[in-house]
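Coordinate analysis (summary)
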Amino acid sequence: MLVREIMTVPAYSLPTGSTLEVAIQLLARARLSALPVVDADHHVVGIVSEADVLRLHLTPDPRAHLRPVEPSESSEASWPRLVDEVMTPDPVTVLESADVAELGQMLADTGWKSVPVTRDRVLVGIVSRSDILRAMTTSDSAIRRHLTHEFASLGRAGWSVSVTEGEVTVAGTRGGREARLAQVMASAVPGVRRVVLAGATVPDGDPSVVSVPSEAVDASD
């Protein structure tokens, strides 16, 4: 899958100079984990997240403490007024053509919940962990119908498809370029987690694609 196939469009964003209060209200109302901050050319120059807001010094509630809470200098400090004061500048962004598999790994490794998507530095969308998870919930029957239709439209109606828990098995290719085509088409479908090519050589040594003897695969639905 590519990022452009699952990203949320349009993406909420705020212009530089927006008040922090506006950001807080939008984060809460739209149930967002982060908001890109853009300049006059709609280039992403920062991002303000839930965590950025939570790092601010909130007033302690005395009811939660056995002893009276003495205000500290930090708690008495005024809140920042603008998003520019709390945003993370020059955030990581991804291109529309990025591989969702690589993005998912990055989100898992960093703990980030979402990343802005850009085209020539201009914000075009946002992709989140929940977007990826939703794509993974595509039903096996929907994946099978889609690939059967796509293969038939290319004159490859003889290729049979079965899908089990997101694992696609394609039988009937003659290996080589046909196997590569089947691999690319199947891997691009949302919800596909692995591709098995029955009786074909694995193209390019891709670890997400395996080959098995044709007689070991029941390609019927």
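- In the nomenclature of an unreviewed UniProt entry, the protein corresponds to CBS domain-containing protein from the organism Pedococcus aerophilus.

Looking at the overall build of the protein
- Helix and strand content of the protein: seven helices and 11 strands.
- Buried positions account for 37% of the 221 residues belonging to the protein.
- Restricting to contacts in the protein with at least 6 residues of sequence separation, those with at least 24 account for 53%.
- Accessible area of the protein: about 13100 Å², with a carbon and sulfur share of 53%.

Structural notes on the sheet that holds strand E6 (residues 114–119)
- Here we have three strands laid out as an open sheet, ordered E5-E6-E7, and mixed in their pairing. Of all the strands in the sheet, the pair left with one neighbour each is strand E5 (94–95) and strand E7 (122–128).
- Two strands pair when backbone bridges link them, and E6 and E7 are joined in this way by six bridges, in the antiparallel orientation. If you follow Ser114 over to E7, its bridge partner there is Ser128.

Considering the sheet that holds strand E1 (residues 14–15)
- Ordered in space as E1-E2-E3-E4, the four strands form an open sheet in which the pairing is mixed. Of all strands in the sheet, those with a lone pairing partner are E1 and strand E4 (88–89), marking the two edges.
- Direction of pairing for strand E3 (residues 44–49) relative to E4: antiparallel, over a ladder of two bridges. Residue pairing across strands places Ile47 opposite Thr88, the latter belonging to E4.
- Sitting on the sheet, helix H1 (residues 20–29) touches E1, strand E2 (34–38) and E3, and the angle it makes with E2 is about 135 degrees.

Let's talk about the nonpolar core
- Counting residues in each nonpolar core, the largest one holds 16 residues, and the members touching the most others are Ile143, Leu147, Phe151, Val168 and Val170.
- In this structure, Val168 is in contact with Ile143, Leu147, Val161, Ser162, Val163, Ala186, Val192, Arg194, Val195 and Val196, ignoring residues within four places of it in sequence.

Reading the values: the criteria
- Residues numbered from 1 in each chain as written.
- Predicted model: local features only at pLDDT ≥ 70, side-chain atom pairs only at ≥ 80, totals over all residues.
- Heavy atoms only, no water.
- Helix = DSSP H or I, 4+ residues; strand = E, 2+ residues; numbered from the N terminus.
- Buried < 20%, exposed > 50% of the residue type's maximum accessible area, 1.4 Å probe, protein only.
- Contact = heavy atoms within 4.5 Å.
- Areas by Shrake-Rupley, 256 points an atom, 1.4 Å probe, with all protein chains shown as cover.
- Pairing = 2+ DSSP bridges.
- Axes fitted to C-alpha atoms, helices over the stretch in contact; angles between N-to-C directions.
- Core = buried A, V, L, I, M, F, W, Y, C linked by side-chain atoms within 4.5 Å.

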